[in-house]
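# Remarks on the overall topology
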Amino acid sequence: MKRLKPIVAIILALWAWSTKGVSAQSGDQMLDGIGETGLIARYNLDENAKDWSRNNLHGNIQGSGYEFIDDEMFGKVIALSGDGKTYITIPGELLAGEESLSISAWVYLRSVEGAAPLFDFGKNDKSTFSAAPAGENGYMAQVGAYNTNSEAAALNKWNHVVVVINVPEKSFTTYLNAEKVSEVKDVEVELKQLFDGRKGNDDQFVIGKSLAANNASLDAKLHDFRIYRIPLNIRQIGWINFSALHKEEAEEMMRNQQEAELQEFPETTPQLYNVYLTEVPTIEVETEVGFLPRLPRFVKGVYSNNFDGPEVRVLWPSPEDNSVVQKPGKYTVTGRVAGTAIQPKATVTVVEHNHDHAAPHRTLEAFNLDEVQLTADLHQHETKFMENRDKFVKGLLETNPDNFLYMFRNAFGQEQPAGAEPLGVWDSQETKLRGHATGHYMSALAQAYSSAAYDPAIQAKFAEKMEYMVNTLYELSHLSGTPKTAGGESVADPLAVPPGPGKVDFDSDLSEDGIRTDYWNWGKGFISAYPPDQFIMLEHGAKYGTDNDKVWAPYYTLHKILTGLMDIYEVSGNEKALEIVEGMGEWVHTRLSVVPTETLISIWNTYIAGEFGGMNEALARLSRLTNEPRYLETAKLFDNIRVFFGDAEHSHGLAKNVDMFRGLHANQHIPQIMGALEIYRDSKDPEYFDIADNFWNKATGDYMYSIGGVAGARNPANAECFTAQPATLYENGFSVGGQNETCATYNMLKLSRNLFLYNQQAELMDYYERGLYNHILASVDEHTPANTYHVPLRAGSVKQFSNAHMDGFTCCNGTALESNTKLQNSIYFHSADNDALYVNLYVPSILKWTDKGITVTQTTAYPKEDHTTLTINGRCKFDLNVRVPHWATKGFFVTVNGKKQEVKAEPGTYLTISRKWKDGDKVELRMPFHFYLEPVMDQQNVASLFYGPVLLAAQEDGPRKEWRKVTLDAEDISKSISGDPQKLEFEIDGVTYKPFYATYGRHSVYLDVRLK
């Protein structure tokens, strides 16, 4: 009974907290409220040694002295005989790049003879991480030279064993049955000292045996062996324990269990410039009936002693409906300013709804990728853009298309060509998302082909790969719904697809023995890397998970495939590619057009399972390419009605500026917003534009980290979710497992770019510059095309890169193929009437404006220098619009052919230069860089340091528990900073600061800043 008391206390505390939290996704996929992004691997050990996380790090059972037996507590479990030859091995690359580590497992010891460990991980038996629950020294765990000892786990009963290495806090802790039993402090160890972590390395990870050359192995039953990349705390361990022993009660109680808090600051802690703030005058805002007002996040403030402080960040309340604006009149909104007692007010005037409410027209168009070429910088140095592009182009050239087609042939029961090998990670045999990387791959091939206009030989190789991909998928798609043999049976109607042969219902079994390959029963036009079951199961309410009655985002995968095919069609004119998309478009239309609206609302709001990527975008695009309205109507079937419109009556939601996405999975929803904008392009329905515009404003204003990423929450406990409430990054953000999913920023850049084509607000391209330089460029490994998934932003963090060989893809590895083959796609835009050119980004490049017969060469070393030159070759009259960045508060200077122009350039706008351009005209732009801080909105002493467009990261020599403290001059922070601007290397108090995009070791992106 004594042992249960702390567990009960923990659960009661969690229950009390959860009744006050927001409702969000739960269930086994959330791994007991910790969030699956914190998980590396999970071995249930109920019938095999498969990894049931989504990372597919499957183990292997060595020897024959084991069996799977029935157990009263956990059902099926593995029993190891202790014969000295039987144990479990798991992949050596499992712990690559990890900082901290937690192992959780249930063990039923039947004997302690030989003192065999529960697990032993390391490069060799001299440098390991291990734990032995019993033996002559009791329960002993070891990491490097450090040991913990306590009373042994009892024999012949189940024990929950947890071992935690917390590197930032320098602690090594063991737990037994949810009680801390031993802890070592001041542990000086990093995991890279123990593990190599590279694929194909010599690391040895074993369960049930020592790495030492002896014959001792575990005589025990094992259940649910988990490996986490985060240091579990006592509450999380208690919840894992409780939910295993009390599954039904735990599922009922499951909510968003909040992760450990960040460093806390007393109320007396100065919060940057707010220390000097004395007043924020009342502002006035107008809105229409039904539409929540867009309140300015930054307003002018009054500071003491005539201090010239920045505009003040005000935290306004964020209603979850629009009840306050249901009729004309006035009302007052009261906000707050972090770290002060000041309560700013806004007087809102609600006017009658304008029934002619309209949204802007698309007035700009992008240049084709082959019209813009990246070049070396002013000093003939290779830029970061070229460096990252070339890593991916080289990697793509070396890929074998058959590897990306492997699971498609597997699904259709076709023979694999010689040399074909399956991809890993999320494209392996039993992964329900397999095929997603193939879609990204086709998009990347199309973009690399178009971008490689500088090298016809490279173009030809990409053209060959594209054609091969399309031809193979074309042949497979034409098998669907047609008889296997002449005169044989088949099911052409997508609505009539039956369960697989010998089965009474649909399932998602993709194992070699269980996958259905009866393509003749799948309905005409079907194409995917798995059978149609997942699509059909989703319609009937299937949830996300790894079991055969669960699914994993089938429409998400399909979106990638359809988009990749359309990308190839648009750059090559391959009609087969478009025909495949049309066939699957018809299949989707047929099935979803009969699904009730209420069911669709439920589906599209189902965590992960209902993630459809940008299916609405793809189908709207297909409608435009084929001039077929039916596909546009199908696109609207993917409306996320709850998020877009609040309900089926379109009462509120994003269309009325109501934030309905708080606490939700970020990258599940960002592409949906992009789809809304694409629907608006052809439907001209202003609701869809408002959805996209309002979302962008809220996402970048209330959920954005300094690198441009918009997700990563402690509440809800998921690194891929928006925070539970807007503008609470410190209260609810900074997930232990990382944040800022790289593919979410990929999608935010795409949304920003496309919104700009309608509405030329400089803030859209200011954001684009931020995300491009400080996340996308920063996401690629120093020497390979490996890239980041989540980017950790806590103090003393380190980036983790994966997929160096393009052979195993997560979602972010997929979008990385695209991001780095189109880096030039938003440098320039032109007006639809070809009378204006927009220069959005300052990147060394050459633009061939084919329609105008001119060339624009941009020569610069930006961002290492604060100026750029635009040289026009050709003769033509047009407006040249150049972006004046929001940070350019020290001036923006223009000369034309050496003559200074008297211009009034406002930061955060575009400056227009109109003239009839002559061959050789030169426009020189200079925008002096300066240092400035960007604080976290609800804890402003925690801030990032920028120099012009570049985020600077402190280069750390080890992990940190707290934010790095710096003191800066209040009047001019540059007085506290030294260094070389042309190298972008600076120093504060002896610590080096470099661009985050050039940072590969430990870093601190956020600092604890004091002003003096």
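When helices and strands are counted, the chain shows 20 helices and 47 strands. Against the 2.2 N^0.38 benchmark of 31 Å for 1012 residues, the chain shows a C-alpha radius of gyration of 29 Å, consistent with a compact globule. With the principal axes as the frame, the chain shows a C-alpha extent of 90 × 85 × 60 Å. Here the chain, with 1012 residues, has 63% of them falling under the buried criterion. Per element, the accessible surface of the chain, about 37,700 Å² overall, is 46% carbon and sulfur. Counting 95 positive and 133 negative side-chain charges, the chain places the centres of these two groups 4 Å from one another.

This next bit is on the sheet that holds strand β29 (residues 828-831). Taken in spatial order, the five strands line up as β23-β29-β30-β34-β37 in an open sheet, and their pairing is mixed. Of all strands in the sheet, those with a lone pairing partner are β23 (364-366) and β37 (909-917), marking the two edges. Sheet twist, expressed as the mean angle between neighbouring strand axes with direction ignored, is 30°. Pairing of strand β30 (residues 836-839) with strand β34 (residues 876-884) involves four bridges; the strand directions are parallel. Bridge pairing links Val839 to Val882 in β34.

The next thing to look at is the nonpolar core. Grouped together as the largest cluster of nonpolar side chains are 253 residues, with contacts concentrated most on Tyr555, Phe695, Leu837, Leu880, Val923, Leu945 and Tyr993. Per-element tally for this core: the top contributor is helix α9 (residues 554-572), with nine residues. Of all hydrophobic cores here, the second largest spans 48 residues; its members include Ile88, Ile103, Leu109 and Val163.

Through backbone hydrogen bonds, the strands of a sheet pair up, either in parallel or in antiparallel fashion. Pairing within the open sheet is mixed, and its three strands lie in the order β17-β22-β21. The outermost strands of the open sheet, each flanked by one partner alone, are β17 (283-288) and β21 (329-334). Taking each pair of neighbouring strands and ignoring which way they run, the sheet shows an average axis angle of 25°. As judged from the six bridges shared by β21 and strand β22 (residues 345-351), these two strands associate in the antiparallel manner.

It is worth spelling out helix α5 (residues 401-411) at this point. With respect to burial, α5 is a largely interior element, 11 of its 11 residues being buried. As for α5, its buried residues are in contact with α6 (436-451), α7 (456-477), α9 and β28 (808-809). At the C-terminal side of α5, Gly413 shows a positive phi close to 65°.

Moving on, we get to the pattern of salt bridges. When the charged atoms of two side chains lie near each other, side chains of opposite charge can form a pair. Counting across every chain of the model gives 43 salt bridges. A salt bridge links Asp766 to Arg883; the shortest N-O distance between them is 2.5 Å. Placement of Asp766 in helix α19 (residues 762-776) and of Arg883 in strand β34 is noted, with a sequence separation of 117 residues between them. In this structure, Asp766 and Arg883 share a single accessibility class: buried.

At their nearest, the axes of α6 and α9 sit 7 Å apart, and the two run at 20° to each other. Classified by the angle their axes make, α6 and α9 are roughly parallel. Where α6 crosses over α9, the two elements pack in a sense that is left-handed. From α6, His436, Gly439, His440, Met442, Ser443, Ala446, Tyr449 and Ser450 reach across to α9, where they touch Tyr556, Thr557, Lys560, Ile561, Thr563, Gly564, Leu565, Asp567, Ile568 and Val571. The residue makeup of the contact of α6 with α9, split by class, is eight nonpolar, eight polar and two charged.

Turning our eyes to something else, we now look at the side chain of Gln429. When you line up the elements, Gln429 lands in the loop between β25 (424-425) and α6. Classification of Gln429 by relative accessible area gives buried; the value is 16%. Within the structure, Gln429 has its side chain in polar contact with the backbone oxygen of Leu510 (distance 2.8 Å). With near-sequence residues (within four places) excluded, Gln429 lies in contact with Met407, Asn410, Arg434, Leu510, Ser511 and Glu512.

Attention now moves to the confidence of the model for the chain. It should be kept in mind that the predicted coordinates are not to be read in detail where pLDDT is low. Of all residues in the chain, 94% attain a pLDDT of 70 or more, and the chain-wide mean is 92. In this model, residues 1-8 is a region of pLDDT below 50 whose contacts with residues beyond four sequence positions or in other chains number nine contacts.

So, on to the side chain of Thr86. In this structure, Thr86 sits in the loop between β4 (75-81) and β5 (87-90). In this structure Thr86 touches Gln62, Gly63, Ser64, Gly65, Tyr66, Leu80, Ser81, Gly208 and Ser217, once residues within four positions along its chain are discounted.

This part takes up unusual backbone geometry. Look at the link from Asn715 to Pro716: it is a cis peptide, with omega at -5°. Structurally, the position occupied by Pro716 is in the loop between α16 (686-702) and α17 (729-732). Going from Tyr862 to Pro863, the amide bond is cis rather than trans, its omega being 10°. Mapped onto the elements, Pro863 comes out in the loop between β32 (854-860) and β33 (867-873). Phi is positive for Asn627, close to 55°, though the residue is something other than glycine.

Okay, helix α20 (residues 811-819) next. Along α20, nine of the nine residues are buried, which leaves the element largely enclosed by surrounding structure. Along α20, the positions that sit buried rather than exposed are Cys811, Cys812, Asn813, Gly814, Thr815, Ala816, Leu817, Glu818 and Ser819.

Each regular strand shows side chains that alternate between the opposite faces of the sheet. In strand β9 (residues 139-143), alternate side chains face the same way, and those of Tyr139, Ala141 and Val143 are buried while those of Met140 and Gln142 on the opposite face are not. With five bridges joining them, β9 and strand β10 (residues 146-150) adopt antiparallel strand pairing. Its bridge partner lying in β10, Ala141 is registered against Thr148.

This part covers the environment of Pro360. Inspection of the secondary structure puts Pro360 in the loop between β22 and β23. In this structure, the C-alpha to C-alpha distance between Pro360 and Tyr758, residues 398 residues apart in sequence, is 5.8 Å. With near-sequence residues (within four places) excluded, Pro360 lies in contact with Tyr680, Phe689, Tyr758 and Asn759.

Moving on, we come to the packing of α5 against α6. As a packed pair, α5 and α6 sit with axes 9 Å apart at the nearest point and diverge in direction by 145°. Viewed along their axes, α5 and α6 form a crossing whose handedness is left-handed. Contacts from Pro401, Phe404 and Phe408 of α5 reach α6 at Ala437, Thr438 and Tyr441.

Further remarks concern the environment of Lys904. Looking at where Lys904 falls in the secondary structure, it is placed in the loop between β36 (899-900) and β37. Residue classification places Lys904 among the exposed positions, given a relative accessible area of 71%. For the pair formed by Lys904 and Leu968, sequence separation is 64 residues and the distance between their alpha carbons is 31 Å.

For the rest of this paragraph, the subject is the packing of aromatic side chains. Throughout the structure, instances matching the rule amount to 70 aromatic pairs. Seen in terms of ring centroids, Tyr680 and Tyr758 are 5.6 Å apart; in terms of plane orientation they differ by 55°. Their pairing is tilted. Placement of the pair is Tyr680 in helix α15 (residues 666-683) and Tyr758 in the loop between α18 (742-756) and α19, with a sequence separation of 78 residues. A relative accessible area of 3% places Tyr680 in the buried class. Residue classification places Tyr758 among the buried positions, given a relative accessible area of 6%. An angle of 65° between the planes, with centres 6.1 Å apart, marks the rings of Tyr730 and Phe734 as edge-to-face. By relative accessible area, Phe734 is classed as buried at 0%. Of the aromatic side chains, those joined through ring pairs into one cluster are Phe412, Tyr519, Trp520, Trp522, Phe526, Tyr530, Phe535, Tyr555, Trp587, Trp604, Phe612 and Phe638. Note that Lys799 overlies the ring of Tyr1000, its terminal NZ or CZ placed 5.8 Å from the centroid. Seen from the ring of Trp917, Arg915 lies directly overhead, with NZ or CZ sitting 5.2 Å from the centre.

Now for the state of the cysteines. Using the criterion set out here, one finds zero disulfides in the structure. Of the cysteine sulfurs around Cys811, a residue in no disulfide, the closest is that of Cys743, at 3.5 Å.

A separate point is the environment of Asp549. Of note, Asp549 is situated in the loop between α8 (533-539) and α9. In this structure, the C-alpha to C-alpha distance between Asp549 and Asp505, residues 44 residues apart in sequence, is 9.8 Å. Once you skip the residues sitting within four places of it in the chain, Asp549 turns out to touch Ser508, Met537 and Ala542. Within the structure, Asp549 has its side chain in polar contact with the side chain of Lys550 (distance 3.5 Å).

Reading the values: rules and limits
Residues numbered from 1 in each chain as written. Predicted model: local features only at pLDDT ≥ 70, side-chain atom pairs only at ≥ 80, totals over all residues. Heavy atoms only, no water. Helix = DSSP H or I, 4+ residues; strand = E, 2+ residues; numbered from the N terminus. Rg over C-alpha atoms; globule rule 2.2 N^0.38 Å. Buried < 20%, exposed > 50% of the residue type's maximum accessible area, 1.4 Å probe, protein only. Areas by Shrake-Rupley, 256 points an atom, 1.4 Å probe, with all protein chains shown as cover. Lys, Arg positive; Asp, Glu negative; His and termini not counted. Charge placed at Lys NZ, Arg CZ, Asp CG, Glu CD. Pairing = 2+ DSSP bridges. Axes fitted to C-alpha atoms, helices over the stretch in contact; angles between N-to-C directions. Core = buried A, V, L, I, M, F, W, Y, C linked by side-chain atoms within 4.5 Å. Contact = heavy atoms within 4.5 Å. Salt bridge = Lys/Arg side-chain N within 4 Å of Asp/Glu carboxyl O. Parallel < 35°, antiparallel > 145°, perpendicular 65-115°, else oblique. Left-handed = near helix turned anticlockwise from the far one by under 90°. Nonpolar A, V, L, I, M, F, W, Y, C, P; charged D, E, K, R; others polar. Polar contact = N/O pair within 3.5 Å; in protein donor to acceptor, adjacent residues only side chain to side chain. pLDDT = per-residue confidence, 0-100. Phe/Tyr/Trp six-rings, centres within 6.5 Å; stacked < 30°, edge-to-face > 60°. Lys NZ or Arg CZ within 6 Å of the ring centre and 35° of its normal. Disulfide = S-S within 2.5 Å.

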